[in-house]
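The primary structure of each chain is shown beneath.
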Amino acid sequence: MPRYAIISDIHGNLPAFQAVLKRMAELDVSEVICLGDIVGYGPHPDACIDLVVKYCSISVQGNHDEAVVDPVCAERFNGAAKEAVYWTRDVLGPLHLNALLSLKPTAMIGNTVMCIHACPFPGPTDYVHDKQVAAWAFRGVDRPICLLGHTHTPMVFEAPTPNPDDILTAPELIAYLPQDGVEVKLEPDRRYICNPGAVGQPRDCDPRAAFAVLDTEAMTFTVHRQEYDIAGVQAATQEAGLPTVLADRLAIGA
Ligand code: ZN
């Protein structure tokens, strides 16, 4: 059955990732798709890469994954994010670094789904967080459904036309903020950008891990939220010597 678990922005948070894997096993999914940022911020990059390699049939490269293996890209990062990129590069061995290096920027599932980490079209920002940016993003999408992450906020944007050549404006789009366990119906005569939120560092003021299930038969996208051991990963973050702010923000989901 074509039910895909969609995960993104794990960010080296192993307790969150394990809790999500356990939960998705109960949801009868057939494949797991990772939209990138396996590492960066969190204290368990190696274990998270291992689980992605083991469980994900498709995995695209996020900007943090890229920065860890590309020093030029790392220079564009600031503050705690940059510090975490350097820390991650130092602790990973050649096999794990190579796994990040071999990730592709995009992947397709047949003619239906495009997978990418951030905005698929050059626009005002890489973060598809509102209808304005989504209108730009749709220009880079030639499939009915585009899955992306990067904002760490679960969202769905709906375009009123199935034609990828139609130029869209923000007022024409519908934005949904999917609630835990509530299906968003994907209509056949429209197009969609779907973001499952972040497994390892949610930023929508809900500290629970986020992921989604895309059912390409029933045509639904359902976000799920999962509690995990936040205190445990906070302690590991401190112990690793990573910036304190990276541990603190996990408790508030921001
Ligand atoms: Zn991220």
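An account of the accompanying structure is given in this report. Model, not experiment: these values are computed from the prediction. Counting from 1, residues in each chain are numbered in the order their sequence is written. Totals for whole chains, interfaces and linings use every residue, but because this is a predicted model, local features are given only for residues with pLDDT of at least 70 and side-chain atom pairs only at 80 or more, for both listing and counting. Hydrogens and water molecules were not included; the side-chain quantities draw on all heavy atoms of the structure.

The next thing to look at is the coordination of the zinc ion. Working reference: metal with six octahedral donors, ideal angles 90 or 180 degrees; metal with four tetrahedral donors, ideal angle 109.5 degrees. Donor atoms from the polypeptide that coordinate the zinc ion comprise D9 (OD), H11 (NE2), D37 (OD) and H152 (NE2), at 2.0 to 2.5 Å from the metal. Atoms of type N, O and S within 2.8 Å of a metal are treated as its donors, and for Na, K and Ca the window is 3.2 Å; water is not considered, so some sites may appear to be missing partners. Between 85 and 135 degrees for all angles marks four donors as tetrahedral; over 155 degrees for opposite donors together with 65 to 115 for all other angles marks four donors as square planar and six as octahedral; every other arrangement is irregular. Here the zinc ion binds 4 donor atoms, and the angle range of 86 to 175° at the metal identifies the geometry as irregular. As a motif over one chain, the donors of the zinc ion read D-x1-H-x25-D-x114-H. Placement of the pair is D9 in the loop between β1 (3–7) and α1 (14–25) and H152 in the loop between β6 (145–147) and β7 (155–159), with a sequence separation of 143 residues. For the pair D9 and H152, a shared accessibility class is recorded, and that class is buried. Strands are runs of DSSP state E lasting at least two residues, helices are runs of H or I lasting at least four, and both sets are numbered from the N terminus onward. The classification of residues rests on relative accessible area computed with a 1.4 Å probe and restricted to protein chains. Under 20% of the type maximum is buried, over 50% is exposed, and intermediate values are partly exposed.

This brings us to helix α2 (residues 45–55). Within α2 the residues assigned to the buried category are P45, C48, I49, L51 and V52. Buried residues of α2, seen end-on, are gathered within an arc of 165° and therefore sit on one face of the element. Exposed residues lying more than 90 degrees from the buried face of α2 are V53 and K54. Note that the arc is computed from the directions linking the helix axis to the C-beta atoms.

Quick look at the pairing of strand β11 (residues 209–215) now. Of all 7 residues making up β11, 7 are buried, and the element is well covered by its neighbours. Side-chain alternation along β11 places A209, F211, V213 and D215 on one buried face and A210, A212 and L214 on a second face that is also buried. Strand pairing follows a simple DSSP-based rule, namely that at least 2 bridges must link the two strands. Sheet topology places β1 next to β11; 4 bridges connect them, and they run antiparallel. Bridge assignment links A5 to a residue of β11, and that residue is V213. Strand direction decides the pairing type here: β11 and strand β12 (residues 220–226), joined by 7 bridges, are antiparallel. Residue pairing in the sheet places D215 in a bridge with T220 of β12. The hairpin turn running from β11 into β12, its antiparallel successor, is 4 residues long, and M219 in that turn takes a positive phi close to 55°.

Glancing now at the sheet that holds strand β10 (residues 191–195). Sheet architecture is open: 6 strands sit in the order β4-β5-β6-β10-β7-β8, paired in mixed fashion. Strands at the two margins of the open sheet, each flanked by one partner only, are β4 (106–109) and β8 (174–176). The mean inter-strand angle of the sheet, taken between neighbouring strand axes irrespective of direction, is 15°. With 3 bridges joining them, β6 and β10 adopt parallel strand pairing. If you follow I145 over to β10, its bridge partner there is Y192. Here, axes are lines fitted to C-alpha atoms. For helices the fit covers the stretch in contact, and angles between N-to-C directions go from 0 to 180 degrees.

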